[in-house]
Amino acid sequence: MLSILKQQTATKPLALASIVLGAVSVSSPAFADPYTAHNADPIDYEFRASHPFKVFVSVDTENRRGRDKASYIARDRIAGLVPSYVVLVSDRRAADMTIRANELDYRLSFHVTDVDQRNKKYKKRRRYVGGQCGIHQRAYYTRITEKGVALADYKLSVRLRGAGRYTDAVRIKADEKFRHGQNLRAQTNCGVIPTAHYPNSAVARLFSRSVDQQKQAIAYEVRNETTSKLAHAIARNINGRSEQFYANLAAQYSYTPTYTEQRYDGHRSRAGIYDRDADATYR
């Protein structure tokens, strides 16, 4: 009986030690919380991907009726020019950065850049048109090249959460050329006479559209090109500010919170972390 009591007494310290070691092993994973490591790297891609930089973009042009379309075109271009961890949102209140491009001035002008005297030989199937002067041998015409040039000035207003406001000025130049023909004449069996009969399809296209129609088309193309170049300028600004954003965010993680700043559920407060909003645009 005495030997049995001695054996039970000897096993109690071992059982107590195993309970203590078990408690330590269970609680040790709490120290693996990544938000307590204080080693956030602002240039690490995974760090940036897990904390998307949300940006709201607005473009305000002189053409008020086309303002929404300009913003849409600009956002579509910007989405392809920024990294995947930059997210364009439609709600400015959910954004880490808002950037507004306000068009101060937009000037479009046309001027002649080249006047060329051209001639083309009539193809066989186009050479005979009937009538007294129906034999067409060679066409003579004037080919005029014009350029539409747009100059636009923009003011960029930027607000970065926690870092203040900034302004910047952007000047954009865009241009497109077009050609049209004048004074078409033909060498016929009656001599050189004015005509509306074209020697080939290329010359026909040159005379097919009026100058006013082509200027309207060029004005539309130049406006879109201006918006596209503005999108590149905005994207460069976003990419530059994203470096500032992630440097500030990493600095917040490097800060060691006090016990009172921790949540009662054992997880530290994740300052600077913003949830993805439902209307965000991801690529």
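Please refer to the structure placed before this passage.
Overview of the structure. This structure is a prediction, so every number in the text was calculated from the model and none was measured.

1. Some words on the pattern of salt bridges
So, point 1. Summed over the entire model, instances satisfying the criterion amount to twelve salt bridges.
So, point 2. The salt bridge involving D116 is made with R118; its shortest N-O contact spans 3.4 Å.
So, point 3. Here D116 falls in the partly exposed class, since its relative accessible area comes to 22%.

2. Considering the state of the cysteines
So, point 1. Tallying each qualifying case throughout the model produces one disulfide.
So, point 2. A sulfur-sulfur separation of 1.9 Å characterises the disulfide bridge that pairs C133 with C190. Since a negative S-S torsion denotes a left-handed disulfide, the C133-C190 link at about -90 degrees is left-handed. Taken as a pair, C133 in the loop between β3 (97-121) and β4 (136-160) and C190 in the loop between β5 (164-188) and β6 (191-194) lie far apart in primary sequence, 57 residues in all.
So, point 3. On the basis of relative accessibility, which here comes to 24%, the residue C133 falls in the partly exposed class.
So, point 4. Judged by relative accessible area, C190 falls into the partly exposed class, the value being 36%.

3. Thoughts on helix α4 (residues 201-208)
So, point 1. Looking at α4, one finds that the buried residues are V203, L206 and F207. Seen end-on, α4 carries its buried residues on one side only, within an arc spanning 90 degrees. α4 presents R205 and S208 as exposed residues on the side facing more than 90 degrees away from its buried surface.
So, point 2. Where α4 starts, the residue carrying a side-chain oxygen 3.2 Å from the main-chain nitrogen of A202 turns out to be N200.

4. Structural notes on the side chain of T188
So, point 1. Relative to the assigned elements, T188 resides in strand β5.
So, point 2. Within the structure, T188 has its side chain in polar contact with the backbone nitrogen of C190 (distance 3.0 Å).
So, point 3. Ignoring any residue separated from it by four or fewer positions in sequence, one finds T188 in contact with C133, I135, H136 and I193.

Calculation rules
- Residues numbered from 1 in each chain as written.
- Predicted model: local features only at pLDDT ≥ 70, side-chain atom pairs only at ≥ 80, totals over all residues.
- Heavy atoms only, no water.
- Salt bridge = Lys/Arg side-chain N within 4 Å of Asp/Glu carboxyl O.
- Buried < 20%, exposed > 50% of the residue type's maximum accessible area, 1.4 Å probe, protein only.
- Disulfide = S-S within 2.5 Å.
- Helix = DSSP H or I, 4+ residues; strand = E, 2+ residues; numbered from the N terminus.
- Arc of directions from axis to C-beta.
- Polar contact = N/O pair within 3.5 Å; in protein donor to acceptor, adjacent residues only side chain to side chain.
- Contact = heavy atoms within 4.5 Å.

Spatial relationships are all this shows, so hold off on functional conclusions.
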